Amino acid sequence: MTPPAGARPPVRHPEAPAPGEIIGSHYEHCFGCGGGQPHGLHLETRAREGVRVTAEFRVKEAHQGAPGLAHGGVLATALDETLGALGWMLRVIAVTGRLETDYLRPVPVDTVLHLDAEVLAVHGRKIYCTATGRIGGPEGPVAVRADAVFIEVKIDHFIENGRSAEIQAVLADPDQVKVARALEVNP
Ligand SMILES: CCCCCCCC(=O)SCCNC(=O)CCNC(=O)[C@H](O)C(C)(C)COP(=O)(O)OP(=O)(O)OC[C@H]1O[C@@H](n2cnc3c(N)ncnc32)[C@H](O)[C@@H]1OP(=O)(O)O
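Residues numbered from 1 in each chain as written. Predicted model: local features only at pLDDT ≥ 70, side-chain atom pairs only at ≥ 80, totals over all residues.

Looking up the protein chain in an unreviewed UniProt entry gives the name Acyl-coenzyme A thioesterase THEM4, with the organism given as Streptomyces morookaense. For the record of the protein chain, the UniProt heading Sequence similarities (unreviewed entry) holds the text "Belongs to the THEM4/THEM5 thioesterase family." (UniProt positions renumbered as here; feature names shortened; annotations may be inferred.)

Rendered as structure tokens:
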């Protein structure tokens, strides 16, 4: 999880979303951010200064592990999804290679988790990043945190590995193709 020697500081892409701008869902059926998932997390991520994004996630009944408490895997998903949105700030497509989570406080149902993620360093295709989830407000105590390595991929990663029915549906949707192209044209 430690960036190797030769890793460089991240560079915000000139066409990254402006600070405060909402980063739309990358896929309607995404469990993390898609509007078309009834029990999904419906995360709405915002671009921030630098190579950083924030998001809010309200824990719902469908997200319980223990009675009245969020499931740890769901919280990891919220961290993963927020970290995934950092690709928009670099204008690259990247997938989670490694995600290491720390659970510091239980998170009750109905709590709003304030997520904050940033890229620390880039080495080749590897993107080293970190995220926190705070409760009680954006300055509240950290309930969960994660360090991650995302790996840059080409759009072919999804076309070659995704189930054919969903891939065909996405390719037939001009809005989805626009989202993919926006990231793919990165030099
Ligand atoms: C569109 C955005 C969606 C965002 C949704 C939210 C984020 C997600 O949940 S993504 C879904 C979960 N993740 C996945 O499904 C990824 C599954 N894994 C894979 O497909 C492959 O292992 C993949 C693409 C990560 C790497 O494979 P490949 O392209 O062959 O890379 P490879 O050549 O092995 O490695 C490239 C570099 O990454 C490093 N690397 C690869 N995997 C890892 C890993 N798990 N941890 C750390 N480093 C890694 C390698 O060591 C190598 O480093 P170096 O260049 O220094 O030698």
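A. The site of the ligand, seen in detail. The immediate surroundings of the ligand are formed by 16 residues, with Gly 84, Val 95, Gly 97, Arg 98 and Ile 151 found nearest. Taken together, the elements giving at least two residues each to the shell around the ligand come down to α1 (72–84), β4 (94–103) and β7 (142–152). Of all the elements, β4 adds the most residues to the shell around the ligand, at four residues. Looking at the shell around the ligand residue by residue, the class counts come to five nonpolar, six polar and five charged. (Near = placed C-beta within 6 Å. Helix = DSSP H or I, 4+ residues; strand = E, 2+ residues; numbered from the N terminus. Nonpolar A, V, L, I, M, F, W, Y, C, P; charged D, E, K, R; others polar.)

B. Looking closely at the UniProt feature "domain: Thioesterase" (unreviewed entry) in the protein chain. The UniProt record annotates "domain: Thioesterase" (unreviewed entry) at residues 68–136. Secondary structure across residues 68–136 comprises 25% helix and 46% strand; the distance between its end C-alpha atoms is 17 Å.

C. Inspection of the nonpolar core at higher detail. Core analysis: the biggest nonpolar cluster contains 39 residues, and Ala 78, Leu 83, Leu 86 and Cys 129 have the highest contact counts within it. When contributions to this core are tallied by element, the ones reaching two or more residues are β3 (52–58), α1, α2 (87–90), β5 (112–123), β6 (126–135) and β7. With residues up to four places along the chain from it excluded, the contact list for Ala 78 reads Leu 41, Leu 43, Phe 57, Leu 113, Leu 115 and Gly 133. (Core = buried A, V, L, I, M, F, W, Y, C linked by C-beta atoms within 7 Å. Buried ≥ 20, exposed ≤ 12 C-beta atoms within 10 Å, placed from the backbone. Contact = placed C-beta atoms within 7 Å.)

D. Structural context of the environment of Val 142. Within the secondary structure layout, Val 142 lies in strand β7. Residue Val 142 is classed as partly exposed on the basis of its 14 C-beta neighbours within 10 Å. C-alpha separation for the pair Val 142 and Gly 40, spaced 102 residues apart in sequence, amounts to 23 Å. Discounting chain neighbours no more than four positions away, the residues touching Val 142 are Leu 104, Thr 132 and Arg 134.

E. The arrangement of the pairing of strand β2 (residues 44–47) in detail. Of the two faces of β2, only one is covered, namely that formed by Thr 45 and Ala 47; the face formed by Glu 44 and Arg 46 stays uncovered. Strand direction decides the pairing type here: strand β1 (residues 22–23) and β2, joined by two bridges, are antiparallel. In the strand pairing of β2, Ile 23 is matched with Thr 45. Relative to β3, β2 runs antiparallel, the two sharing four bridges. Looking at the pairing, Thr 45 lines up with Ala 55 of β3. (Pairing = 2+ DSSP bridges.)

F. Layout of the sheet that holds β3. Strands sit in the order β1-β2-β3-β5-β6-β7-β4 across an open sheet of seven strands; the sheet is antiparallel. The open sheet terminates on both sides in strands that have one partner only, identified here as β1 and β4. Bridge count for β3 against β5 is seven bridges, and the pairing is antiparallel. By the bridge assignment, Val 53 is partnered in β5 with Ala 117.

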